[in-house]
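Observations on the model geometry
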Amino acid sequence: VTTRRHSPTLAYLDSFKEAIYYPLVLFHLPAGEPRVLDLGCGPGKDLLAIADRRPIRGCGVDFALNNLRLAQERGQSAAKTIHWVLSSVECLPFSDHAFECAFFSEVLEHLLEPDLALREIRRILKPGGLLFLTTPNRLSYFSVISEILPQELKSALKRWVWNLPRDYQVSRHY
């Protein structure tokens, strides 16, 4: 059995999501079993956390196949109606007005053309649909330092700080 360390940064983000983000999402989700899209889902943590708390028809989208494999492995233990799709968020393979809700958490800052992604989100959300969007504080110590570091070092630091598996794909745009 391998024990993974739990970084203070990851602990802070987990506590924020458990105390504020997930309750906010759950409070605002439409009744029934809404269609929920997680854009840039990574290993699927947010979508699976919501699906553990109430019925949804979920879809996680990521551009990295390894991230989707991790998400699928995490979600195998419970019967959930979640699908995982390999796609860029700038060109989504869904029909217009297909989702009641979308998560776009800590993704926008990684994109070369964020306007395209935001237009796609508007297209796939039903009228009156909800978008839960979060971005990091660009003035934080980590963000400022990361602007001057080489990409290889930034990737290694992200994996270490966020306690990510070695095969987790780290964006090159941030």
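Coordinates for the structure precede this section.
Residues numbered from 1 in each chain as written. Predicted model: local features only at pLDDT ≥ 70, side-chain atom pairs only at ≥ 80, totals over all residues. Heavy atoms only, no water.

**Thoughts on the environment of Arg54**
For Arg54, the position within the fold is in the loop between helix H2 (45-53) and strand S2 (57-62). Owing to a relative accessible area of 17%, Arg54 belongs among the buried residues under this scheme. When the C-alpha atoms of Arg54 and Leu29 are compared, they prove to be 9.8 Å apart, with 25 residues separating the residues in sequence. Beyond its immediate chain neighbours, meaning those up to four positions away, Arg54 contacts Leu26, Leu29, Pro30, Ala31, Gly32, Glu33 and Pro34. A polar contact of 2.6 Å, which involves the side chain of Arg54, links it to the backbone oxygen of Gly32. (Helix = DSSP H or I, 4+ residues; strand = E, 2+ residues; numbered from the N terminus. Buried < 20%, exposed > 50% of the residue type's maximum accessible area, 1.4 Å probe, protein only. Contact = heavy atoms within 4.5 Å. Polar contact = N/O pair within 3.5 Å; in protein donor to acceptor, adjacent residues only side chain to side chain.)

**Points about the nonpolar core**
Ranked by internal contacts, the top residues of the largest apolar core, which has 19 residues, are Trp84 and Phe103. Put simply, the parts of the chain that give this core at least two residues each are helix H1 (8-28), H2, helix H3 (65-75), strand S3 (82-86) and strand S4 (99-105). Per element, the largest residue contribution to this core is 5 residues, and it comes from H2. The contacts of Phe103, once residues within four sequence positions are left out, are Tyr21, Val25, Val36, Leu37, Asp38, Leu39, Asp46, Leu47, Ile50 and Phe132. Leu37, Leu39, Phe104 and Leu111 belong to the second largest nonpolar core, which has 17 residues in total. (Core = buried A, V, L, I, M, F, W, Y, C linked by side-chain atoms within 4.5 Å.)

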